[in-house]
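The chain contents come next:
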2 protein chains.
Amino acid sequence: MTTSSSGRLTTRVRQVLADRISRGDLRPGDQLPTERELSGEFGVSRVTVRRALASLSRDGLVYSVQGRGTFVAADRLAEPPNTLLSFHDLVANTYVSVAAQPLRVHTRPATLDEAETFGIAPGASLFELDRLRTLDDLPVAIDSTLLPLAIDPELPDLDWSHESLYARLTAAGHTPVAADYSVEARAADIRVARLLGTVPGSPVLVAESEVSDQSGRLIVAGLITYRGDRYRFRSRLTAGSAVPMVQPSSGRAFRSG
Amino acid sequence: MTTSSSGRLTTRVRQVLADRISRGDLRPGDQLPTERELSGEFGVSRVTVRRALASLSRDGLVYSVQGRGTFVAADRLAEPPNTLLSFHDLVANTYVSVAAQPLRVHTRPATLDEAETFGIAPGASLFELDRLRTLDDLPVAIDSTLLPLAIDPELPDLDWSHESLYARLTAAGHTPVAADYSVEARAADIRVARLLGTVPGSPVLVAESEVSDQSGRLIVAGLITYRGDRYRFRSRLTAGSAVPMVQPSSGRAFRSG
DNA sequence: CAGTGGTCTAGACCACCGC
DNA sequence: CGGTGGTCTAGACCACTGG
């Protein structure tokens with residue numbers, strides 16, 4: 001996996017420093033002890049200290065300047081980065097009631113394009129799931145999801161008003177680790193307007209996602225249509241880490257409806 | 001030791017491996033040589049090899065499994081990650097003509113909220129820049145930007161039909177490194193519709209951004225209104241890297257118009 | 001069991017900063 | 001100049017995988 005943070009000593013050093021920052025012992029702009037000092041204080045090697053600092057730097061809590069030192073960043077950078085969350089996790093702590101009303105739950109054979117996209121045989125079974133998402137009983141989004149049935153053959157038999165797709169995927173050994181997301185503004189058509197409780201022509205946010213597991217395999221394609229006045233998409237962009245690879249990237253958009 | 005001018009060793013190793021992948025010597029699913037083999041092949045320590053592999057892993061070109069080995073990821077994960085680009089850079093290679101028509105270029109004192117947001121004194125000068133963005137002479141977006149004049153006092157004197165704001169910021173020692181982005185769907189009002197050449201009520205994508213430099217200081221706040229049918233926002237989400245910090249994050253939205 | 005990646009150490013030299 | 005972070009080394013042990 002990535003270098004993120006596992007490993008006891010590095011994690012511990014990171015934790016202690018993060019605590020000092022969040023408790024205010026270290027304030028934005030303050031200089032941290034030098035790497036060699038921290039090395040002595042924690043009784044670990046300098047390499048370990050550097051791993052902890054690198055982790056904090058990636059998350060924007062600190063930044064280093066060669067020849068000067070390491071400093072606490074302004075808290076603006078300390079907000080959570082881009083995170084891939086299920087719809088449920090995204091809103092679970094914010095709203096009183098999160099519910100899903102299944103609109104369509106069925107299985108059908110994959111088209112040629114879909115087979116190529118998912119890396120499965122043409123005609124292999126795809127599971128298709130459409131749900132109406134509500135928060136506090138207000139309709140917020142229409143969630144349409146498509147994935148190979150082989151990933152978890154029991155999917156069609158579950159109660160989709162309560163089941164979490166991401167939890168099922170993880171349990172099946174396919175942990176969602178990355179998603180390519182695109183959003184655009186459209187006008188609601190009659191069906192969408194009726195489901196979302198608004199009028200045709202009103203603005204909706206259409207988000208298309210392609211979710212991959214750790215091996216890079218595409219496991220879920222989704223199309224979510226949000227009521228424009230009830231959802232806002234947030235993201236954190238970072239300056240490119242100088243990736244000198246040029247990739248054709250084979251643009252494919254197999255679900256434009 | 002090192003043959004001819006050595007770039008960093010880690011970079012060199014990364015580069016060679018990335019080349020093998022992009023040239024097809026190593027294909028998705030293939031196992032890379034072990035870290036110890038690579039260490040010998042390149043004549044560098046295993047730690048250095050691991051840094052190179054970690055870098056490739058962060059960019060999604062490879063992934064490692066403890067006890068098994070390191071493998072080339074499916075190319076889906078090899079697409080460019082979330083990147084912070086100026087509008088100009090974003091589209092420069094795609095369209096024939098990229099142009100900006102200044103709508104408003106002026107300086108005004110900061111309100112109390114704005115002063116707090118930017119970390120400047122109330123009443124300090126803010127530079128405000130509104131531009132109409134066109135691609136191949138078609139209006140695509142209205143770009144409204146706000147930043148402290150102190151960052152570059154020459155800003156008001158420049159020719160904003162050709163000048164690049166990001167380039168100026170970088171030259172002034174404030175490199176944009178991260179941005180918090182939010183997008184939502186709205187209906188165009190009369191002014192927006194007229195500028196974008198559409199009708200009132202048609203869907204537009206409104207993107208709010210807050211850009212920070214390396215020290216975490218907020219340097220630019222932007223509000224871009226795109227024609228819904230001429231823009232799509234793309235992002236790449238990744239599974240949370242376990243950031244155990246909880247931050248109040250003082251939600252402030254000082255420009256909701 | 002042997003082989004893999006994951007973590008860690010103690011020490012070295014380099015590049016850069018500010019005095 | 002002395003002190004900082006940036007890079008690198010050679011070797012060690014651990015945790016996990018697979019036959």
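Residues numbered from 1 in each chain as written. Chains lettered and ligands numbered in written order. Predicted model: local features only at pLDDT ≥ 70, side-chain atom pairs only at ≥ 80, totals over all residues. Heavy atoms only, no water.

Let us now look at the overall build of chain A. The helix and strand inventory of chain A stands at 7 helices and 9 strands. When each of the 257 residues of chain A is scored for burial, the buried share is 47%. In the structure as shown, chain A presents an accessible area of about 12,600 Å², 50% of it carried by carbon and sulfur atoms. (Helix = DSSP H or I, 4+ residues; strand = E, 2+ residues; numbered from the N terminus. Buried < 20%, exposed > 50% of the residue type's maximum accessible area, 1.4 Å probe, protein only. Areas by Shrake-Rupley, 256 points an atom, 1.4 Å probe, with all protein chains shown as cover.)

Take the sheet that holds strand β6 (residues 178–187) of chain A next. The 7 strands lie next to each other as β3(A)-β4(A)-β5(A)-β8(A)-β7(A)-β6(A)-β9(B), forming an open sheet whose pairing is antiparallel. Both outer strands of the open sheet, β3 (98–109) of chain A together with β9 (233–238) of chain B, are each paired with one neighbouring strand and no more. Across the sheet, the mean angle from the axis of one strand to that of its neighbour is 20°, orientation sign disregarded. (Pairing = 2+ DSSP bridges. Axes fitted to C-alpha atoms, helices over the stretch in contact; angles between N-to-C directions.)

Before going further, it helps to examine the sheet that holds strand β8 (residues 218–227) of chain B. With antiparallel pairing, 7 strands are arranged side by side in an open sheet as β9(A)-β6(B)-β7(B)-β8(B)-β5(B)-β4(B)-β3(B). Edge strands, defined here as strands with exactly one partner in the open sheet, are β9 (233–238) of chain A together with β3 (98–109) of chain B. For this sheet the average axis-to-axis angle between neighbouring strands, irrespective of direction, equals 20°. Across 6 bridges, the pairing between β9 of chain A and strand β6 (residues 178–187) of chain B is antiparallel. Opposite Thr238 of chain A, over in β6 of chain B, you have Ala178 of chain B as the bridge partner.

Contacts to DNA strand D come from 27 residues, most closely from Arg46 of chain A together with Leu9, Thr10, Ser45 and Thr48 of chain B. What you see for DNA strand D is that sugar and phosphate hold 68% of its atoms within 4 Å of the protein. Interatomic distance of 3.4 Å between a side-chain N/O atom of Gln66 of chain A and a sugar or linking oxygen of DNA strand D. Here the surface near DNA strand D takes 4 residues from helix α3 (residues 46–58) of chain B, the largest share from any one element. Its residues assigned to classes, the surface near DNA strand D shows 5 nonpolar, 12 polar and 10 charged. (Near = heavy atom within 4 Å. Polar contact = N/O pair within 3.5 Å; in protein donor to acceptor, adjacent residues only side chain to side chain. Nonpolar A, V, L, I, M, F, W, Y, C, P; charged D, E, K, R; others polar.)

Before going further, it helps to examine the pattern of salt bridges. Residues and elements named next belong to chain B. With the rule as written, the count across this model stands at 28 salt bridges over all chains. For Arg50, the salt bridge goes to Glu35, with nearest N and O atoms at 2.8 Å. Of this pair, Arg50 sits in helix α3 while Glu35 is found in helix α2 (residues 35–42), placing the two residues 15 residues apart along the sequence. Residue Arg50 is classed as partly exposed on the basis of its relative accessible area of 45%. In this structure Glu35 comes out as buried when scored by relative accessible area, which is 16%. (Salt bridge = Lys/Arg side-chain N within 4 Å of Asp/Glu carboxyl O.)

Our focus in this paragraph is the environment of Pro156 of chain A. Residue and element names in this part refer to chain A. Tracing the sequence through the fold places Pro156 in the loop between β5 (138–148) and α6 (165–171). Residues Pro156 and Ser57, spaced 99 residues apart in sequence, show a C-alpha to C-alpha distance of 44 Å. The contacts of Pro156, once residues within four sequence positions are left out, are Val105, Thr107, Phe127 and Leu149. (Contact = heavy atoms within 4.5 Å.)

This model, assessed by the stated rule, comprises 9 aromatic pairs over all chains. A centroid spacing of 3.6 Å and a plane angle of 5° characterise the contact between Tyr226 of chain B and Tyr231 of chain B, whose relative ring orientation is stacked. The pair Tyr226 of chain B / Tyr231 of chain B is uniform in exposure class, with both members buried. Within the aromatic cluster, the residues linked to one another by ring pairs are Tyr181 and Phe233 of chain A together with Tyr181 and Phe233 of chain B. (Phe/Tyr/Trp six-rings, centres within 6.5 Å; stacked < 30°, edge-to-face > 60°.)

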